[in-house]
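Breakdown of the fold
Below are the chains, spelled out letter by letter.
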Amino acid sequence: MTCRAFITGLAGLELTDAEREFIRAERPWGFILFKRNIESPDQVSGLVDQLRNVTGEADIPVLIDQEGGRVQRLGPPHWPVYPPGAAFGALYDVDPALGLRAAWLSSRLIAADLIDLGITVDCLPLADVPVEGSDAVIGNRAYGTEPGKVAAIARAVTEGLEQGGVLPVLKHIPGHGRATADSHFRLPMVETGKSELERTDFAAFQPLADLPMAMTAHVVFSALDPAHPATTSATIINEVIRGVIGFQGLLMSDDVSMNALAGSIAERTQAIVNAGCDMVLHCNGKLEEMRAVAQQTPELTGQALQRARRALASRKPPQPLDRPAAWAELNGLTDRVGTG
């Protein structure tokens, strides 16, 4: 089936008639779920089934942000609380092997939760490298402040997801760690020079350039493109993300409805597409905005289509997991440093 190059959110716990009509007419590539879409395991599984039934695509991508810490859409009472990324970084400082093991265990267990529900893509890992004075939007979501350490933990997280049958989305490329504002609310400006960015922020992403998908940062890097955030900057996408970092997978925008971006939803969508993102992400479930995104989004063709196909083809079948043993091991490890 042909589709348009966007991923859409949904309004509530089940599809409305208007959403069904929209999905059939506009054919999004995938869907993303948020807390407003989640009540219980049976309800989430039912919603995922509805999405696959209305599209007629048994393997259509269903995404979620399930990191652990303060960013997890699935939570109590039906799902456990997972450690934030900083817990793995703290344990890594005690013993790198144990930090990597804890990161792997956490993401492997997350993958098991997601696959139970039919969710096949997690917007994880992060390779953002925070600096002193940066906004707390990343904060303890980050694995550390040294690029090599961040990349190593991100790789362990990736491998846990993949062995659980879930595709990873690397974020927020080429880096959100220096941002002094939360891009949900306003546009962050980073004035750091190119050589320092390459040594730190970009260096954390380079070892992860083989991941199948990545999500952009709504951040202006004034030394590279003073006029546009990375999401809408052809310069940063071509020269940094595809060039310096070497990422060749499917590149999706962060949420087009975030206030960091200027203009109408239609104008933002056009700018994202024109800059070279393969996929536009729209999250808030507002149908009029969804329609505006769809109207400005092209059919998924050419290199973007090939990247999307490669990404989906890279998903592996879940491997066996002893969940009680994995949880016991993870809790034993994170108890050494606390969970942040």
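Up top is the structure these notes are about.
No experiment lies behind these values; they were computed from the predicted model shown. (Residues numbered from 1 in each chain as written. Predicted model: local features only at pLDDT ≥ 70, side-chain atom pairs only at ≥ 80, totals over all residues. Heavy atoms only, no water.)

In this section: the pattern of salt bridges. The final tally for this structure, using the stated rule, is 17 salt bridges. One salt bridge connects Glu67 with Lys171, and the closest N-O pair in it is separated by 2.9 Å. You can see Glu67 sitting in strand 4 (residues 66-68) and its partner Lys171 sitting in strand 8 (residues 170-173), a full 104 residues away along the chain. With a relative accessible area of 7%, Glu67 lands in the buried category. Between Arg291 and Glu288 there is a salt bridge; the shortest N-O distance is 2.5 Å. With Arg291 and Glu288 both in helix 10 (residues 287-296), this residue pair falls three residues apart, about one helical turn. Glu288 gets classed as exposed once you look at its relative accessible area, which sits at 57%. One network of salt bridges, with partners in common, ties together Asp65, Glu67, Arg73, Arg141 and Lys171. (Salt bridge = Lys/Arg side-chain N within 4 Å of Asp/Glu carboxyl O. Helix = DSSP H or I, 4+ residues; strand = E, 2+ residues; numbered from the N terminus. Buried < 20%, exposed > 50% of the residue type's maximum accessible area, 1.4 Å probe, protein only.)

Attention now moves to helix 1 (residues 17-26). Within the span of helix 1, buried status applies to Glu19, Phe22 and Ile23. All buried residues of helix 1 fall inside an arc of 95° around its axis, so they share one side. For helix 1, the exposed residues set more than 90 degrees away from the buried face come down to Asp17, Glu21 and Arg24. Residues of helix 1 that are buried make contact with strand 1 (4-8), strand 2 (28-33), helix 2 (41-55) and helix 10. (Arc of directions from axis to C-beta. Contact = heavy atoms within 4.5 Å.)

Now for the sheet that holds strand 6 (residues 121-122). With parallel pairing, nine strands are arranged side by side in an open sheet as 7-6-3-2-1-13-12-10-8. A single partner strand is all that each edge strand has here, and the edge strands are strand 7 (167-168) and strand 8. Where helix 2 meets the sheet, its contacts fall on strand 2 and strand 3 (62-64), and the angle it forms with strand 2 comes to roughly 170°. (Pairing = 2+ DSSP bridges. Axes fitted to C-alpha atoms, helices over the stretch in contact; angles between N-to-C directions.)

What follows is about unusual backbone geometry. Note the cis peptide between Pro76 and Pro77, where omega equals 5°. Tracing the sequence through the fold places Pro77 in the loop between strand 5 (71-72) and helix 3 (85-94). At the junction of Lys171 and His172, the peptide bond is cis and its omega measures out at -5° in the coordinates. If you check the backbone angles, Arg27 has positive phi at about 55° while not being a glycine. Structurally, the position occupied by Arg27 is in the loop between helix 1 and strand 2.

Looking now at the layout of surface pockets. In this structure, the largest pocket encloses a volume near 420 Å³. Phe34, Asp65, Arg73, His184 and Met258 are, among the 25 residues lining the largest pocket, the residues nearest its centre. The set of elements that each furnish at least two residues to the lining of the largest pocket consists of strand 8 and strand 12 (250-255). A breakdown of the residues in the lining of the largest pocket according to their chemical character gives nine nonpolar, six polar and 10 charged. (1 Å grid on protein atoms, 1.4 Å probe; cavity = no way out; pocket = protein on both sides within 12 Å on 5 of 7 lines; lining within 4 Å. Points joined across faces, edges and corners; volume = space filled by probe spheres on them. Nonpolar A, V, L, I, M, F, W, Y, C, P; charged D, E, K, R; others polar.)

Our next topic: the state of the cysteines. Within the structure shown, the criterion is met by zero disulfides. Note on Cys123: no disulfide assigned, nearest cysteine sulfur contributed by Cys283 at a separation of 7.8 Å. Looking at Cys277, it has no disulfide partner, and the nearest cysteine sulfur is the one in Cys283, 13 Å off. Among the residues examined, Cys277 registers a relative accessible area of 8% and is labelled buried. (Disulfide = S-S within 2.5 Å.)

Burial in helix 10 covers these residues: Leu287, Glu289, Met290, Ala292, Val293 and Ala294. Buried-residue contacts for helix 10 involve strand 1, helix 1, helix 9 (265-275) and strand 13 (279-282).

Right, let's talk about empty space enclosed by the protein for a bit. Leftover empty space is mapped by rolling, across the atoms, a probe with the size of a water molecule. Across all of its chains, the model carries two cavities of 30 Å³ or more by this definition. Empty space within the largest cavity amounts to approximately 100 Å³. If you trace the largest cavity, you find 14 residues lining it, with Glu67, Gly85, Phe88, Leu124 and Tyr143 closest to the centre. Looking at the lining of the largest cavity, the elements with two or more residues in it are strand 4, helix 3 and helix 4 (96-117).

Looking now at the pairing of strand 1. Consecutive side chains of a regular strand alternate in pointing toward one face of the sheet and then the other. For strand 1, the tally of buried residues reaches five of five residues, placing the bulk of the element in the interior. Burial along strand 1 is two-sided: Arg4, Phe6 and Thr8 facing one way and Ala5 and Ile7 facing the other are all buried. Bridging between strand 1 and strand 2 involves three bridges; their strand directions are parallel. Bridging from a neighbouring strand, Arg4 pairs with Pro28 of strand 2. Here strand 1 pairs with strand 13 via three bridges, running parallel. Residue pairing for strand 13: Phe6 is matched across the bridge by Val280.

Attention shifts here to the packing of aromatic side chains. For the coordinates displayed, the defined rule picks out three aromatic pairs. Centre to centre, the rings of Phe6 and Phe22 are 6.0 Å apart; their planes meet at 65°, and the pair counts as edge-to-face. You can see Phe6 sitting in strand 1 and its partner Phe22 sitting in helix 1, a full 16 residues away along the chain. Assigned by exposure class, Phe6 and Phe22 land together as buried. Consider the rings of Phe202 and Phe221, whose centres lie 6.1 Å apart with planes at 70°: the pair is edge-to-face. Placement of Phe202 in helix 7 (residues 201-205) and of Phe221 in strand 11 (residues 220-221) is noted, with a sequence separation of 19 residues between them. Like Phe202, the residue Phe221 is buried in the burial classification. (Phe/Tyr/Trp six-rings, centres within 6.5 Å; stacked < 30°, edge-to-face > 60°.)

Such coordinate-based values are descriptive only and should not be taken to indicate function.
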